[in-house]
Amino acid sequence: DGGITQSPKYLFRKEGQNVTLSCEQNLNHDAMYWYRQDPGQGLRLIYYSQIVNDFQKGDIAEGYSVSREKKESFPLTVTSAQKNPTAFYLCASSIRLNEQFFGPGTRLTVL
Amino acid sequence: AQKVTQAQTEISVVEKEDVTLDCVYETRDTTYYLFWYKQPPSGELVFLIRRNSFDEQNEISGRYSWNFQKSTSSFNFTITASQVVDSAVYFCALGGYSGAGSYQLTFGKGTKLSVIP
């Protein structure tokens, strides 16, 4: 079945560590996105990519990095520079101008 | 800048009641898209509907209906005869072009709907 997968579902990080969240899609979508969701808040855009080997910062990119070496994959690295990384992270993909389809999310907790 | 306001933070209804979730948006674009998503407790956002700015026809899908009014910049969502399975957080989103020329979605903060049996 076509869809978006994110792994791991839960992730625990010690302070000062970098961690990488995986996002893979087999929908053949060009565009992919990373959002952060905090309790009681909407989704805030971290990074997005409209094509392979190209990506742009969203509203809250500081402390995060991404790569887009393959159309199917858009991993997000949460670096030690991100001061408050505990949140729910959602990956999405879309055909340009159409609705975005979301993965199941990764819940990151800093210990 | 684009903005989406969902003024209702939480709503509780008794099963079988009708409920309307409000969404008001702001944009300077003449062409834009509006969306509703459902986020059940599992966390994954489920796409419900997309509407473009040139199509003001209301839409009905089963117990769900949407009322798009450009004059008031609103895109409200009504659930008829609510069920416990409708309990979720519902997000309204606005799609348009950012200052950098790329297409993005701007989400409201969501409305948490609790349907009580």
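Residues numbered from 1 in each chain as written. Chains lettered and ligands numbered in written order. Predicted model: local features only at pLDDT ≥ 70, side-chain atom pairs only at ≥ 80, totals over all residues. Heavy atoms only, no water.

Student: What exactly am I supposed to notice about the overall build of chain B here?
Tutor: Within chain B one finds zero helices and twelve strands. Shown N-terminal to C-terminal, the secondary structure of chain B runs as helices and strands in the order β-β-β-β-β-β-β-β-β-β-β-β. Relative to its length of 117 residues, chain B is compact, with a C-alpha radius of gyration of 14 Å against a globular reference of 13 Å. Each principal axis of the C-alpha atoms in chain B carries an extent, and together these give about 45 × 30 × 20 Å. Long-range pairs, those at least 24 residues apart, make up 55% of the contacts in chain B between residues at least 6 apart in sequence. (Helix = DSSP H or I, 4+ residues; strand = E, 2+ residues; numbered from the N terminus. Rg over C-alpha atoms; globule rule 2.2 N^0.38 Å. Contact = heavy atoms within 4.5 Å.)

Student: What exactly am I supposed to notice about a nonpolar patch on the surface here?
Tutor: All names here are of chain A. Together, Tyr10, Phe12 and Leu111 give the surface a local cluster of nonpolar side chains, amounting to about 380 Å² of exposed area. As for its placement among the helices and strands, Phe12 is situated in strand 2 (residues 10–13). What makes Phe12 exposed here is its relative accessible area of 52%. (Patch = residues over 30% accessible without salt bridge, like charges linked within 9 Å, V, L, I, M, F, W, Y side chains within 5 Å. Areas by Shrake-Rupley, 256 points an atom, 1.4 Å probe, with all protein chains shown as cover. Salt bridge = Lys/Arg side-chain N within 4 Å of Asp/Glu carboxyl O. Buried < 20%, exposed > 50% of the residue type's maximum accessible area, 1.4 Å probe, protein only.)

Student: Please clarify how the confidence of the model for chain B should be interpreted in this entry.
Tutor: In regions of low pLDDT, the predicted coordinates are not meant to be interpreted in detail. This prediction gives chain B a mean pLDDT of 92; 97% of its residues lie at or above 70. Confidence scores differ between elements of chain B, with strand 11 (residues 103–107) of chain B showing the lowest mean pLDDT of 86 and strand 3 (residues 19–21) of chain B the highest of 98. (pLDDT = per-residue confidence, 0-100.)

Student: Even after reading the chapter, I still don't get the pairing of strand 10 (residues 88–97) of chain B, so can you show me in this structure?
Tutor: The two faces of the sheet receive side chains in turn, since in a regular strand these alternate between them. Residue and element names in this part refer to chain B. With eight of ten residues buried, strand 10 lies mostly within the body of the structure. Across seven bridges, the pairing between strand 5 (residues 33–39) and strand 10 is antiparallel. Bridging across to strand 10, Trp36 finds its partner in Cys92. In terms of strand pairing, strand 10 meets strand 12 (residues 111–116) through three bridges, oriented antiparallel. (Pairing = 2+ DSSP bridges.)

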